[in-house]
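Summary of structural features
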Amino acid sequence: MTVEPPDTDPLEALIARRGEAALETLAALRASDPPTTGGRVLSYVYDSGLEGVDEVAVRAAGLAHGVNGLDPTVFGSVAKIHGGIVTRVRAILGGDGGDGPGDDDEVHGVVTSGGTESCVLACLAAREVSGRAPGSGGTIVAPVTVHAAFRKAAHVLGMRFVGVEVDPATGRVAAADLLAAVDHDTCLVVCSAPSYPTGVIDPVEQVAAGLEADHDPRIGLHVDACLGGLVLPFWPGGVGSIWDLRIGRVTSISADLHKYGFAPKGTSVLLSRGRARHRASWFSTVDWPGYPVVNPTLSGSKPLEPAAAAWAVLEALGDDGQSELVDRTAGATGRLVEGLAGIEGLRVIDSDPGPLIAVVADRSAGDGRRVHPHLWADECGRRGIAVQAQPAYRQERGALSSSSHLTITPVTERLTDEILNVAHAAADAVRGMPDPAPTAAFADVLAALEAGALSPDDLLALPEDDVHAMVAGVLAGDGEDGGMAALLAAIERLPAEVGARLVRAYLAAVMEG
């Protein structure tokens, strides 16, 4: 007897047709983006340069597709994968052997969605360990160069961020200055390894010693190694200081696997010393009619795909593969620093060993030979190399100069000559040009502020639709009125809180289409 195949589900056929159309549209949208591989985007993306690494990640994510990381008692693979990641990163960051006895010195970890979540959780744990109730304040003390995630953490956790000024020429913070800002309200002190804007590693050892000698042991010391955690331990020749969990007074550390772990976005790890601090940021409740809710991270339901991909890539690379990729990164960094230092009108900021380069205008060059780093970054972008512009930062002891940032990855090794050719040509194209002026859309606002006809409070009180109309002019700008240089020129002249509102409106307008 012949069995007739079941009829095709018409809904299945309809979804297949629409799905193909959606995929074609997505491919067209992605084609307009800068490439995430190949090394021509010197920020945001971290490319190993090895196709096999990406293939492992994609296959691992596929195997984990559909798994909900909310409850590892249902999906046992969640606990195994997260535990494997924590074990590997803990060993890399010196957390397998502390200098104190007992459980209080054991290092535990949690896998998060990215560096910002890791940093927020570290701040939450510090608030809880200090004994402060939600909304009761407490301060986070850090150099002004620390990642903005800590300002965000203070905002969402009802804490206060205390920024300690740095040397305007070097971007370095003095340990004594950080320690002087610690008081009875302090819950957490933060150091960077390294700081994103300048590539400087903060003085973790000295800060740890000062906290140990003179301050409440409940005050946490967090090292933000979101960028450096998987590259600095392998840097050839070392980085000249100890900054990780080998220092017993370091209570927590964050490291991103989607940076120099070469995993897809978004996977990070927060490691904490002692079970009490590790569990202090967890949320749990049985005070509702549903299932018991326990969340070690800010999210509840979460995909296993990113963590599975990160775990598989860590396993595939091993320490030897990781070390080789860092060697390639270090070689490319050295060649680029040397080449960029030879460009008339620009100056490379002296930093600690690591994969970050910051470039500023050479103030010793004459006005006709100086190169503004934002104009240079825009010109590099037009020539196919994306460099990130960073605005000047005002502080009482002197401003940090306008700069441009380059993040170096292993794939950069193949492109150093091309990058340097573009860098030289871009500098030649903008050398001697006047500093960028704010876009015309902001000109009236800036003029009114400087004349006293408007106050920052007036701008902050504007309805959101009025602010949107203001930034719409920036989005519509073209030619000499467009580019990041013009937008950053406005930010540099605006009060920080006003600049923050305008940038928020600008990005929101981009997303709203």
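Calculation criteria
Residues numbered from 1 in each chain as written. Predicted model: local features only at pLDDT ≥ 70, side-chain atom pairs only at ≥ 80, totals over all residues. Heavy atoms only, no water. Buried < 20%, exposed > 50% of the residue type's maximum accessible area, 1.4 Å probe, protein only. Helix = DSSP H or I, 4+ residues; strand = E, 2+ residues; numbered from the N terminus. Pairing = 2+ DSSP bridges. Axes fitted to C-alpha atoms, helices over the stretch in contact; angles between N-to-C directions. Contact = heavy atoms within 4.5 Å. Salt bridge = Lys/Arg side-chain N within 4 Å of Asp/Glu carboxyl O.

1. A look at the pairing of strand 11 (residues 356-361)
Among the six residues that make up strand 11, six are buried, leaving the element largely enclosed by the rest of the structure. Note: strand 10 (residues 346-348) against strand 11, three bridges, orientation antiparallel. By the bridge assignment for strand 11, Val348 is matched with Val359. Alignment of strand 11 against strand 13 (residues 403-407), held across five bridges, turns out to be antiparallel. The partner of Ile357 across the bridge, within strand 13, is Leu406.

2. Some remarks on the sheet that holds strand 12 (residues 388-390)
Strand pairing within a sheet occurs via backbone hydrogen bonds; the two strands may be parallel or antiparallel. Strands sit in the order 10-11-13-12 across an open sheet of four strands; the sheet is antiparallel. Of all the strands in the sheet, just strand 10 and strand 12 have a single pairing partner and so form its edges. For this sheet the average axis-to-axis angle between neighbouring strands, irrespective of direction, equals 30 degrees. Sitting on the sheet, helix 10 (residues 373-382) touches strand 10, strand 11, strand 12 and strand 13, and the angle it makes with strand 13 is about 45 degrees.

3. Here we look at the sheet that holds strand 6 (residues 252-256)
Here we have seven strands laid out as an open sheet, ordered 1-7-6-5-4-2-3, and mixed in their pairing. Each of the sheet's edge strands pairs with one partner strand only, and the pair in question is strand 1 (107-112) and strand 3 (160-164). Sheet twist, expressed as the average angle between the axes of neighbouring strands with direction ignored, equals 20 degrees. Strands in contact with helix 3 (residues 76-92) are strand 1, strand 6 and strand 7 (268-273); relative to strand 1, the strand with the most contacts, it is inclined by about 125 degrees.

4. Description of the pattern of salt bridges
On inspection of all chains with the given rule, the structure shows 23 salt bridges. Arg132 is paired through a salt bridge with Asp185; the nearest N and O atoms lie 2.9 Å apart. One end of the pair, Arg132, is in the loop between helix 4 (115-129) and strand 2 (139-143); the other, Asp185, is in the loop between helix 6 (175-180) and strand 4 (186-192), with 53 residues separating them in the sequence. Residue Arg493 pairs with Glu450 through a salt bridge whose shortest N-O separation is 2.6 Å. Here Arg493, found in helix 15 (residues 484-493), pairs with Glu450, found in helix 12 (residues 440-451); they are 43 residues apart in sequence, far enough to count as distant. Using a relative accessible area of 53% as the deciding quantity, one classes Glu450 as exposed. Beyond isolated ion pairs, a larger network of salt bridges with shared partners links Glu379, Arg382 and Arg383.

From the geometry alone we can't say anything about function, so treat these as descriptive.
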